[in-house]
Every structure is written in C-alpha cells, then in structure tokens.
Amino acid sequence: MNLDTVREQFEQRAFDYDGLIPSLIPRYREQHDLILQLISFETNANIKVLDLGAGTGILSALILQGFPQANVAAFDIAENMLKICQTNLSGFGKRLTLQQGNFAEDDFGSGYDLVVSGLAIHHLDSEGKQKLFQRLFRSMNPGGILLIRDIVTGATPRLTEQYEKLWRQYMKANGEDDAAWFQKYLEEDIPSSVEEQTKWLAEAGFADAGCHWRYLNFAIFGGVVRS
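Please read these numbers as outputs of a predicted model, since none were measured by experiment.

For the rest of this paragraph, the subject is the pattern of salt bridges. Opposite charge on two side chains permits them to pair, given that their charged atoms come into close proximity. The full count for this structure, using the stated rule, is five salt bridges. The shortest N-O distance in the salt bridge between Lys83 and Glu79 comes to 3.7 Å. Within this pair, Lys83 and its partner Glu79 are both found in helix 5 (residues 79–88), separated by four residues, close to a single helical turn. For Glu79, a relative accessible area of 39% translates into the label partly exposed.

Right, here's the structure in full:
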C-alpha cells in the first residue's frame, strides 16, 4: 500500500480520531504515562523535539505540558491531522511548529534531543524502517532519546495470530466493528516485530536499543544516542 493512500485515509479519519483511538488501542493512556516517564530530561530542560507522525498532537501536547521549555516539531503526512493539531495545541504558541510531509522521503530536520513517534512507523516496510532509523540517528544530538509507540507483530507467526485475536476481542468489546478495522489493518499496515526493530535500531547506531513496554501487538521501544 502506498503512502498516498495512507494519507487519504487519515485525512478522512482526522475529525473523529481522538475519540475513537482508545476503543481501538488497548491501554492507550497507560502508554502515555510511560512515555513521559521514559523521557529522562529535567523538566526545565530546553529540548528540541520531533513528533514523527504527530497526528492530532497527543504526544506533542504531553511533551509541551510536561517540559515547559521544550520546542516541538509536529510532522505528519495528513493536512487535516495537522490542522486539528494546530487547533488543539494553539495555547503553546511558537513552541509548536507544524510540517506536512512523508517521513519516508522528506526532510524532517535535525538537532533533536528527543524523537517520539506514535502509531506511525508501521506504515513502512522492513527496508523503509531500517532507512528511517538510520536517518533518525543522524538527526539527533548526542544524549538524544528515541521513543516509538507502535503496532508490532509477535516474535513468531503463532504469537502474532494469538495477539491479533485478542486485539479483535478488545475492539469488539468496545462496540467497534472488529472485522472492518482488522481488514483496514491488513490493507494499510506493515508491522514488524519488536525483536527485528530493536536490532535495526542498534545497527543504525542507537545504544540501549530495547523494548520498554508491551501488551499483545502494541509496544513502546527505542534507543539513545550516546553522549
């Protein structure tokens, strides 16, 4: 599936995305809490942050609130998502900048102390993820932290199947059409395992590449740039 199709899908979903997502993603708010805890900078640190695939700005908002001196670049492929992000986060003024683009190809800047990405990188295939991790490593300052929250496969096909079954049960229990959402997932998403991706992060140069949190086919993982 090409990224133009992904962009069109997210342009359409932008306006109900925030209300919908907790019904689709298990332990969504628990993930937010941990992501903030994993950002080991002092709260008054003057950090430059990239939110890759920012969507409506949920991770950007958490960081801007939690780190009052932070400046965040919100990068997303969908114009409608960025419009909502701008509206939602207007109170942060010039601490937030917006950029529309395809992070697989377009320049997303450099000099970052922190890069976060939520539910975005799974749109790239294995080669695309590896290239992105290499570009992210080059875009970050010494001491920089990378945190990725994403949908992943299991370590084996049997585990993937088990996780996907339980995920569908979660969506159905929240009143969602699990069959329809699962079909969209099969059409749009190209998840990789945590094990593969932490290996690729290490190969790209990241230290302490590892998984911080996992629940079924969702994970938080990342690495750091050595000082």
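Summing up the model confidence of the chain, the mean pLDDT is 93 and the portion of residues at 70 or higher is 92%. Between residues 10–16, whose pLDDT stays under 50, and residues either more than four places distant or in other chains, the model counts 19 contacts.

It is worth spelling out the pairing of strand 5 (residues 140–151) at this point. The buried count for strand 5 comes to nine of 12 residues, which makes it a mostly enclosed element. Where strand 4 (residues 112–118) lies against strand 5, six bridges are found, and the strand directions are parallel. Each residue of the ladder has a partner; that of Val115, found in strand 5, is Leu146. Tracing the backbone out of strand 4, into helix 6 (residues 126–139) and back to the parallel element strand 5 gives a crossover that is right-handed.

The subject of this paragraph is the sheet that holds strand 3 (residues 96–100). By definition, the strands of a sheet pair up through backbone hydrogen bonds, in either a parallel or an antiparallel sense. Spatial ordering of the open sheet is given by 3-2-1-4-5-7-6, a layout of seven strands whose pairing is mixed. In this open sheet, the two edge strands, each paired with only one partner strand, are strand 3 and strand 6 (207–215). Mean inter-strand twist for the sheet, computed between neighbouring axes without regard to direction, equals 15°. Sheet topology note: the strand 5/strand 7 (residues 218–224) ladder contains seven bridges and is antiparallel.

About the thresholds
- Residues numbered from 1 in each chain as written.
- Predicted model: local features only at pLDDT ≥ 70, side-chain atom pairs only at ≥ 80, totals over all residues.
- Heavy atoms only, no water.
- Salt bridge = Lys/Arg side-chain N within 4 Å of Asp/Glu carboxyl O.
- Helix = DSSP H or I, 4+ residues; strand = E, 2+ residues; numbered from the N terminus.
- Buried < 20%, exposed > 50% of the residue type's maximum accessible area, 1.4 Å probe, protein only.
- pLDDT = per-residue confidence, 0-100.
- Contact = heavy atoms within 4.5 Å.
- Pairing = 2+ DSSP bridges.
- Right-handed = clockwise from strand over helix to strand, strands pointing away.
- Axes fitted to C-alpha atoms, helices over the stretch in contact; angles between N-to-C directions.

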